[in-house]
Amino acid sequence: MLSMYDRLQQGEVLNKKKLAQEHGVNEKTIQRDLEDMRLYLEETYRLVDVTIVFDRQKGGYVLTRPSQVWLTNEEVLWLARILLESRSLPKKDLESFLDKLTMQCAPTDRKKISDLVRNEASHYIPLRHGRSLMKVVWALSQASRDQFVVEIEYQREESEPSKKRRIFPQGVLFSEYYFYLLAQIEGKPYDFPTIYRMDRIKAYTIMAEHFSVHYASRFEEGEFRKKIQFMQAGKLMKVKFRFWGESLEAILDRLPTAKILEQDGKVTVLQAETFGRGIKMWFLSQAQYLEVLEPQEFREEMRETIRNMYENY
């Protein structure tokens, strides 16, 4: 029965006569086993229609499962592509992950999926830190959810000594190849969390003590993500700017808080609420197609940076 169930889960078509010959039993035994499995599925998946049916076109029994429960071939390929592009896993972890994803497809389709990602996987270059962070991400995500105090040993750069901190974890985000832990440092109130790159956390201890956060002032990861670029914080501000590049859509996708104030032909004036250091880096990447209008202090900072860049050439 376990063998039959496993094969059904993998998308195989089970022929009752062949199964009886394979296992040295009569077809009535196979039929009873199928009925037992059908009852098990009805009990286990009460809210969704997962069952075993006879498919005349395929000439055997198959496991039917709704698309909202199981991954389709398209979804597996989609996830594999995102995983490869993220470069967030060491190659060994990546290969294991891709194998598990491919196993979600029916046996007849696995080679197709494997062929589609094999070439890209062979050229995969992981990040230089080479650390497997799955357990760290899970543990600190749990600590954030359950509001446990955490002690970490953190090293910003290889040339710098590591430092120990007692922190109140607020959440975990992924951005631009890296996982980040957002946390408040104990005894140091800030308007926004400190950002720690998780591969630079050399050691951590989840303490038995809890910290408390007032509901009204709780940290919202989704809101924070809307306002930050390249995981660089700085001062939170409303910035007004003029844009006349090729793709306004790309601006609006990049800055979820952006609102269009004016449009005149290809020139658009927008305003967005964002953190200063990250948005400055991104604005500079737009070259001559963007001009900061407000606040004046930030406009002057951009002017000074561009002047210094010009001096390099």
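Residues numbered from 1 in each chain as written. Predicted model: local features only at pLDDT ≥ 70, side-chain atom pairs only at ≥ 80, totals over all residues. Heavy atoms only, no water.

Caption draft 1: Molecular detail of the packing of aromatic side chains. As enumerated under the stated definition, the model contains nine aromatic pairs in all. Ring plane angle 15 degrees and centroid distance 4.9 Å describe the contact between Phe168 and Phe211, whose orientation is recorded as stacked. Within this pair, whereas Phe168 is found in strand S4 (residues 163-175), its partner Phe211 is found in the loop between strand S7 (201-210) and helix H8 (221-226), the two being separated by 43 residues in sequence. On the accessibility criterion, Phe211 (7% relative accessible area) is buried. Arranged with centres 4.9 Å apart and planes meeting at 50 degrees, the rings of Phe241 and Phe283 form a pair that is tilted. On the criterion of sequence distance, the pair formed by Phe241 in strand S8 (residues 236-243) and Phe283 in helix H10 (residues 276-284) is long-range, its members being 42 residues apart. Put simply, the rings of Phe241, Trp282, Phe283 and Phe298 touch in pairs and so form one group of aromatic residues. The lysine or arginine in question, Arg87, covers the ring of Tyr177, its NZ or CZ lying 5.3 Å from the ring centre. (Phe/Tyr/Trp six-rings, centres within 6.5 Å; stacked < 30°, edge-to-face > 60°. Helix = DSSP H or I, 4+ residues; strand = E, 2+ residues; numbered from the N terminus. Buried < 20%, exposed > 50% of the residue type's maximum accessible area, 1.4 Å probe, protein only. Lys NZ or Arg CZ within 6 Å of the ring centre and 35° of its normal.)

Caption draft 2: Examining helix H4 (residues 73-86) more closely. Over its 14 residues, H4 extends 20 Å from the first C-alpha to the last, a length consistent with the 20 Å expected when each residue adds 1.5 Å. Within two residues after H4, Arg87 carries a phi angle of roughly 55 degrees, on the positive side. (Expected span 1.5 Å × (residues − 1).)

Caption draft 3: Broad picture of the sheet that holds strand S11 (residues 290-294). On the basis of which strands lie adjacent, the open sheet formed by four strands has the order S9-S10-S8-S11 and antiparallel pairing. Each of the sheet's edge strands pairs with one partner strand only, and the pair in question is strand S9 (259-264) and S11. Pairwise comparison of adjacent strand axes, ignoring direction, gives a mean angle of 30 degrees for this sheet. For S8 and strand S10 (residues 267-275), the ladder comprises eight bridges, and the chain directions are antiparallel. Each bridged residue has a counterpart across the sheet, and for Phe241 the counterpart in S10 is Leu270. In this fold helix H11 (residues 296-311) packs onto S8 and S11, with an angle of close to 145 degrees to the strand it touches most, S11. (Pairing = 2+ DSSP bridges. Axes fitted to C-alpha atoms, helices over the stretch in contact; angles between N-to-C directions. Contact = heavy atoms within 4.5 Å.)

Caption draft 4: Local environment of the sheet that holds S7. Read from one edge to the other, the open sheet built from five strands follows the order S6-S5-S4-S3-S7, with strand pairing classed as antiparallel. Each edge of the open sheet is held by one strand with a lone partner, namely strand S6 (194-197) and S7. Between one strand axis and the next, the sheet turns by 45 degrees as a mean value, whatever way the strands run. Note: strand S3 (residues 148-154) against S7, six bridges, orientation antiparallel. Among the inter-strand pairings, Tyr154 is bridged to a residue of S7, identified as Ile201. Across the sheet, helix H7 (residues 134-146) is in contact with S3, S4, strand S5 (178-185) and S7; its angle to S7 comes to roughly 30 degrees.

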